[in-house]
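Topology and contacts: notes
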Amino acid sequence: MNYNFKPNTTILVTGSAGFIGFHVTKKLLETNVNIIGLDNLNDYYDVNLKKSRNKILKEFDNYKFYKGDLKDLNFVKKVLDENPSIDKICHLAAQAGVRYSLTHPHTYIQTNIVGFTNLIDEAKNHNIKDFIYASSSSVYGKNEKIPFSVEDNVDKPISLYAASKKANELIAHSYHHLYGMNCTGLRFFTVYGPYGRPDMALFLFTKAILENKPIKVFNHGKMKRDFTYIDDIVSGILASLYKSYPYEIFNLGNHKSIELNYFIELIEKNLGKKAQKQMMDIQPGDVENTFADIKSSQEKLNFDPQTSIEDGIKKFIDWYKNYYKIK
Ligand SMILES: NC(=O)c1ccc[n+]([C@@H]2O[C@H](COP(=O)([O-])OP(=O)(O)OC[C@H]3O[C@@H](n4cnc5c(N)ncnc54)[C@H](O)[C@@H]3O)[C@@H](O)[C@H]2O)c1
């Protein structure tokens, strides 16, 4: 669906060189929205991938990029001072990843809590009312009720990553209550697709299988994930930016739970090659199953995911082979 943002709408996208930020920014640039992009291009994963996403964005005249860190309050102030035309903020920059949060807890507090607060507080100081931000399906922790509904209690995170995302939802609520900001939190469910993250299963498995290396299969392949294709996530984010509800939390998931074993079979089929599987127990902090209830996203955002896991994995592998020039 195409949204007709008002002429000269300007949106600040944080994490614009990241996986989701890149796709959202590109789509918005194509619809003539002006984008201020911000990213610190950190080396959590291959910086060249971030740079090549950013290079594509820099080809658009309506893209202005700032390299800097959200932890640095003066930098955040400077970006907002220099761009008084910003109408909305789409906050996607974060330290992502559940497993990394076990070994690097402070990074999550600094970027996801301090950085988040720097940004939302400066948004308030600069009278920017519309604030859309990334939360995560990981806030559901060990929720046993399937599918996961935004009505469910999410007070028991099982990783610091999840705790930082839940904290974002709470901070956003307080800014909505105190200052009338329009805050929408989006709980993304395992996003995948072209230009995807090298630390996530689809990328890791594809690379390892092509290089004849073993893959680690956690929970003996019995883990289930609601894998959601990037184009469907972008549609949900654009709808949220367009509608700017006063205060909402939405699930953005494909509404299908796929077993890891089947996911690996699809990768093998597309690569025409078998994986060497190293069966492992579940990792601390990981959840066994995720499955989004998307009733309220369907009603309020017209969210209607279109891409099956079979088509999505094919699109990723076509991109991967083309990008890394693999015959
Ligand atoms: N990809 C998923 O499956 C998924 C699932 C749930 C939630 N999320 C959330 O969605 C958002 C985007 O995720 P992604 O997959 O695109 O991750 P990503 O790591 O590809 O993108 C995040 C970007 O933010 C930048 N960044 C990190 N810390 C920063 C800081 N302190 N200052 C400035 N820039 C900084 C990084 O350099 C990166 O380019 C994140 O908030 C993530 O937690 C992602």
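Just above sits the structure.
Residues numbered from 1 in each chain as written. Predicted model: local features only at pLDDT ≥ 70, side-chain atom pairs only at ≥ 80, totals over all residues. Heavy atoms only, no water.

Each regular strand displays side chains that alternate between the two surfaces of the sheet. Where burial is concerned, most of strand E1 (residues 10-14) is hidden: five out of the five residues are buried. Every second residue of E1 is oriented toward a common face, with Thr10, Leu12 and Thr14 on one face and Ile11 and Val13 on the other, all of them buried. In this structure, E1 lies alongside strand E2 (residues 34-39), joined through five bridges in parallel fashion. Counted as the bridge partner of Thr10 is Asn34 from E2. Crossover E1 to E2 through helix H1 (residues 19-30) is right-handed. As defined by bridge partners, E1 adjoins strand E4 (residues 88-91) across four bridges and the pair is classed as parallel. What sits directly across from Val13, in E4, is Cys90. (Buried < 20%, exposed > 50% of the residue type's maximum accessible area, 1.4 Å probe, protein only. Helix = DSSP H or I, 4+ residues; strand = E, 2+ residues; numbered from the N terminus. Pairing = 2+ DSSP bridges. Right-handed = clockwise from strand over helix to strand, strands pointing away.)

Bringing the sheet that holds strand E5 (residues 130-136) into the picture now. Sheets are built from strands that pair by backbone hydrogen bonding, the pairs being arranged parallel or antiparallel. Spatially, seven strands are ordered E3-E2-E1-E4-E5-E6-E11 in an open sheet, and the strand pairing comes out parallel. Each edge of the sheet is formed by a strand with only one pairing partner; in this case those strands are strand E3 (63-67) and strand E11 (247-252). Going across the sheet, the axis of each strand differs from the next one's by a mean of 20°, ignoring polarity. Relative to E3, E2 is paired through five bridges, and the arrangement is parallel. Within the sheet, the bridge partner assigned to Asp39 lies in E3 and is Lys67. (Axes fitted to C-alpha atoms, helices over the stretch in contact; angles between N-to-C directions.)

Now for the packing of aromatic side chains. A complete count under the given rule lists 31 aromatic pairs for this structure. Each ring, one from Tyr192 and one from Tyr229, has its centre 5.5 Å from the other, and the planes form 70°; the classification is edge-to-face. In this pair, Tyr192 sits in strand E7 (residues 191-192) while Tyr229 sits in strand E10 (residues 228-229), placing the two residues 37 residues apart along the sequence. The class for Tyr229 is buried, based on a relative accessible area of 3%. (Phe/Tyr/Trp six-rings, centres within 6.5 Å; stacked < 30°, edge-to-face > 60°.)

Our next topic: the site of the ligand. Within the structure, the ligand sits among 30 residues, and Asp39, Tyr45, Tyr161, Lys165 and Val191 are positioned closest to it. One nitrogen or oxygen atom from the main chain of Asn42 is found 3.5 Å from an oxygen atom belonging to the ligand. At a separation of 2.7 Å, an oxygen atom of the ligand approaches a polar side-chain atom of Tyr161. Burial of the ligand by the surrounding chains reaches 97%, relative to a free accessible area of 820 Å². Here the shell around the ligand gets three residues from one element, more than from any other, and that element is E5. In the shell around the ligand, the residues fall into 16 nonpolar, nine polar and five charged. (Near = heavy atom within 4 Å. Polar contact = N/O pair within 3.5 Å; in protein donor to acceptor, adjacent residues only side chain to side chain. Areas by Shrake-Rupley, 256 points an atom, 1.4 Å probe, with all protein chains shown as cover. Nonpolar A, V, L, I, M, F, W, Y, C, P; charged D, E, K, R; others polar.)

Bear in mind that shape data such as this cannot, by itself, settle questions of function.
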